[in-house]
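# Fold and contact review
Residue-level listing of the chains:
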Amino acid sequence: MSIQSVEIKNGVKLHYLHTKKFKTNSLGVYFHRPMQKSEATINALLSNVIKRGCPLFPRTKELARQLEALYGSKVVSGVRKKGDSQVIYINFEFVNENYVLKSQPVMENILDLVKSMVFAQEGFLKEYVSQEKENLKQLIMAQMNDKRAYAAQRCVEIMCKQEPYGICELGFIDDVDGINEGDLFEHYKNVVLKSPVDIFITGDVDIFWVEQKIKEMLEYIEVKSVKYPETVIIKDIGEIKNVTETQNIAQGKLSLGFRTKTASWDEKYPALLIYNAVFGGGPFSKLFNNVREKLSLAYYASSRLDMFKGVMIVNSGIEVANFQKAYDEIMTQFKAMANGDITDEEMSAAVLSTVNNIRSMTDSAMVMEDYWLGRLITGTALDIDELISMLKRVTKQQVIEVAQNVDLDTVYFLKGV
Amino acid sequence: MEFEKIYNKKLNETLYKGRHKSGLMVYVLPKQGFSKSYASFAARVGSIDNEFIAPGDTEPTKIPDGVAHFLEHKMFEQPDGTNSFDSFSKTGASANAYTSFTTTAYIFSSTDRFYENLEILLDYVEKPHFTDENVAKEQGIIGQEIRMYDDDPNWRVFFNLLTALYEKHPVRNDIAGTVESIAKIDKDLLYKCYHSFYNPSNMILFTCGDVECDKVAQVVDKYVTNAPLGEIKRIFPNEPENVNKKLVEQKLSVANPLFMIGFKDNDLGKTGSEMMRKIIVTEILNRMLVGKSSKTYNSLYEKGLINDSFFFEYSCEADYAFAAMGGESTDPNAAKEEILEGIKKAELLEEDFLRCKKSLIGRFLRMFNSVEGLSNVFVSSIFQGMDMFEYLDICESVTLEEARLRKEYLFREENCAMSIVWPN
């Protein structure tokens, strides 16, 4: 699935990922903002308010009826953290007209909705804004419900307290009440609509016609800055941070935050992916085989990378009493990596599995949009095939070099009372 | 083995279906353009099968809760002391398994060397290796899996609802069992269950992606050598029509209360097209009553009684079925009252029926975007005797009148139970 990109106007790019394999098409719009405390909350709120209504369908119920009539088209919106930036997105997924009655032009109706909901809002209803303010507060608080994700998130917050990356992309409860519908509309009009934007279409459409429609849609949009916000990769680590928190829970959650000091635009990036895979990236990894299979301490023990920030988080669910045992074993495996204690089997399993995972990404429109979005933000226009051939060339020596550069930054433990 | 070719013009999809001499049903659904190919080797056994008469036996066997899931974990262990993940790590495939109420499936997806992976899959599932040591080790790992679910409010609110709806039927038990029930599992029990349920005549092989029938058949011939066994008699207790309890509550570490309302469906015993029809009518009805365009949904949402986490679903098997809905709520009791009232008062109009039907068609088509999702749906529908290629035709033919009758039958207050998870 190759990418075709065209600049619609200054700061606005349209990308087409052409494929006939799906029965639906996807259209995603992504606005780029720097992650900052002053606007994280309002951006999150905006992403929820724009899907409540628009000039074409002012009431939520009417909008829902229209989406159902368009064969259950789906609209998903929200915010994502991409390194030190916050992306506001809205995605439309709708059936390819070839599979339904041709008498109903689905794509054309969706483009009308995109225009109205994303680019041509004329103000926000007070009642909708106040409902979404309550929902946003609930959403921020409800992050604690998923203990596994919550522990990982707390680990990142503690580790990157001084960096934009440590800010929660949903914003802050205390900042919600201060926003009114006027502020929100002002922010939409003068900040968000003036930020760099990427539009992705994935599927099988008449792209020349779509491009024309999008050009018309954006006629009055003027982007001020065309540069994506930048992300800083921290290379100096002070003292290791140790934090334990308590909740009324059955299972303890241990999260360790590491700095790899390697960015996705570095030459060493493919070796970093293999490093993570050997360490904790699957059932062939050191963490799975030792923490789970050998010591029977956990059901899950794994590591994952954030390519934007060069941060790696290890997550595991354990008995509270086993904290020291689990921590020691994770660190033993971590040190083994740096000591070059990596077998040829581990190397080859990690490469094969990483290649398989990356190639598999092309089977999901959402995943491919996110992949290319990441590539655009980091300025590394590497397609899947190029990345795969780089992964296949990674040597054990390169993985060891990466390993020797990784440092533990934060130990976070969420335990029961 | 011979394959029958079934082409569906509306979907532009072809399914090949064949019966192997061992009794194994083999399916091939070729998908063009996808990177991944997928295989699922599935046995018709799940958490509800805890009492049965094995082929050749005269007396029933009763087993502790969680055996099907325990067996799923243990199948990965190989006689030479390795783990079948080790074999997949030599090909790069992503392998896994899952256990549901009714099914245990061993799966992999791969972007390369599909038939080699298929050999590994069939080989390891055909070779059980249980020892006292490896059973004891797994009790520790599954114990942590159970503890993980103990803290998962979405899981808890759902299983608590099932204990409210069902008094006797084993669907009320957690799939993984409990720390106590899995302590009773030993290797003999695992072998007994393996030999009873993992017979080719109680299994299917479903493949999807860049896959050819002849090559799949060759691998099956090589690895599946058992002869078909007789029928397994599954024993289920007589479940009363009434709900077990109106309300089950629990306190957990959550920010806001979570709730689920369930409606027990006693219209059971259907399979195949009849079951699919019932499912489609109920799914359309669900959308009409509490979907995003419904009066009830919008009223609840605007009052802040529900938020975006609200969902609804219909689960249907031959011997149990229920409709359920729920999510986070600041006031679950008020939400429940308003939902029941809204459902009672809802007028079912032709226009809404047709629109919700379209929405269902869209969801069905979307399913074909993922080789895994598609395969998993096919696997469970095959065990239910349903032909997914009939879906669009049945969807076209269902009527508003059926939805009206269904509403009167299913969505009654007497059939309804509720589960709430409160913050502690």
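Residues numbered from 1 in each chain as written. Chains lettered and ligands numbered in written order. Predicted model: local features only at pLDDT ≥ 70, side-chain atom pairs only at ≥ 80, totals over all residues. Heavy atoms only, no water.

In this complex, chain A contributes 61 residues to the contact, which on the side of chain B involves 64 residues. Surface buried jointly by chain A and chain B totals about 5300 Å² across both partners, of which 49% is contributed by carbon and sulfur atoms. When the buried area of chain A at its contact with chain B is split by residue, A:Lys23, A:Glu68 and A:Tyr299 rank highest and sum to 13% of it. Put simply, chain A and chain B have nine salt bridges between them. Note that A:Glu68 and B:Arg355 form a salt bridge whose closest N and O atoms lie 2.9 Å from each other. (Contact = heavy atoms within 4.5 Å. Buried area = accessible area lost by both parts, 1.4 Å probe. Salt bridge = Lys/Arg side-chain N within 4 Å of Asp/Glu carboxyl O.)

All names here are of chain A. Partitioning chain A into structural domains gives domain 1 (3–217) and domain 2 (241–416). On a C-alpha basis, the centres of domain 1 and domain 2 stand 30 Å from each other. Taken together, the 32 residues of domain 1 in the interface contact 35 residues of domain 2. By the criterion of area lost to domain 2, the three top residues of domain 1 are Lys82, Arg148 and Met159, representing 22% of everything that side buries. One can count seven salt bridges joining domain 1 with domain 2. With its nearest N and O atoms 2.8 Å apart, the salt bridge here joins Lys21 to Asp363. The tally of links from domain 1 across to domain 2 stands at 15 residue pairs in polar contact (both at pLDDT 80 or more). (Domains from an automatic or database assignment. Polar contact = N/O pair within 3.5 Å; in protein donor to acceptor, adjacent residues only side chain to side chain.)

Turning to the nonpolar core, a few remarks are in order. By size, the foremost hydrophobic cluster in this structure holds 132 residues, and its most contacted members are A:Val29, A:Phe92, A:Phe119, A:Ile199, A:Ile201, A:Ile214 and B:Phe263. A per-element tally of this core places helix H9 (residues 272–290) of chain B first, with ten residues. Residue contacts for A:Phe119: discarding those within four places in its chain leaves A:Val29, A:Phe31, A:Val114, A:Tyr188, A:Leu193, A:Ile199, A:Met217, A:Leu218 and A:Ile221. Within the second largest apolar cluster, 61 residues are counted, among which are A:Tyr327, A:Phe334, A:Val351 and A:Leu382. (Core = buried A, V, L, I, M, F, W, Y, C linked by side-chain atoms within 4.5 Å. Buried < 20%, exposed > 50% of the residue type's maximum accessible area, 1.4 Å probe, protein only. Helix = DSSP H or I, 4+ residues; strand = E, 2+ residues; numbered from the N terminus.)

All right, on to the packing of helix H2 (residues 60–69) of chain A against helix H12 (residues 350–367) of chain B then. The interhelical angle for the contact between H2(A) and H12(B), taken along N-to-C directions, is 60 degrees, at an axis separation of 7 Å. With respect to their mutual orientation, H2(A) and H12(B) come out oblique. Listed contacts from H12(B) to A:Arg65, A:Glu68 and A:Ala69 of H2(A) are B:Glu351, B:Asp352, B:Arg355, B:Cys356, B:Lys358 and B:Ser359. Partitioned by chemical class, the residues of the contact of H2(A) with H12(B) number two nonpolar, one polar and six charged. (Axes fitted to C-alpha atoms, helices over the stretch in contact; angles between N-to-C directions. Parallel < 35°, antiparallel > 145°, perpendicular 65-115°, else oblique. Nonpolar A, V, L, I, M, F, W, Y, C, P; charged D, E, K, R; others polar.)

What follows deals with the side chain of B:Thr103. All names here are of chain B. Structurally, Thr103 is set in the loop between strand S7 (94–99) and strand S8 (104–110). Residue class for Thr103 comes out buried when judged on its relative accessible area of 4%. Polar contacts involving the side chain of Thr103 include one to the side chain of Thr102, which spans 3.2 Å. Ignoring anything within four residues of it in the chain, the contact list for Thr103 reads Ala42, Ala43, Val45, Gly46, Tyr98, Val379 and Phe383.

Okay, the sheet that holds strand S9 (residues 203–209) of chain B next. All names here are of chain B. Pairing within the open sheet is mixed, and its seven strands lie in the order S1-S2-S3-S9-S4-S8-S7. Both edges of this open sheet fall to strand S1 (4–8) and S7, since each of them pairs with a single strand only. Here the average twist between neighbouring strands, direction ignored, is 15 degrees. The sheet contact formed by strand S4 (residues 37–43) and S9 spans six bridges and is antiparallel. Paired with Ala39 across the strands is Thr207, a residue of S9. The strands that helix H13 (residues 371–383) touches are strand S2 (13–19), strand S3 (25–30), S4, S7, S8 and S9; relative to S9, the one it contacts most, it runs at about 155 degrees. (Pairing = 2+ DSSP bridges.)

One pass over the structure, following the stated rule, counts 61 salt bridges over all chains. A salt bridge links B:Lys215 to B:Glu212, with the nearest nitrogen and oxygen atoms 3.8 Å apart. The class of B:Lys215 is partly exposed, set by a relative accessible area of 36%. Several salt bridges converge on common partners, so that one network encompasses A:Asp84, A:Glu163, A:Lys241, A:Arg259, A:Lys309 and A:Asp409.

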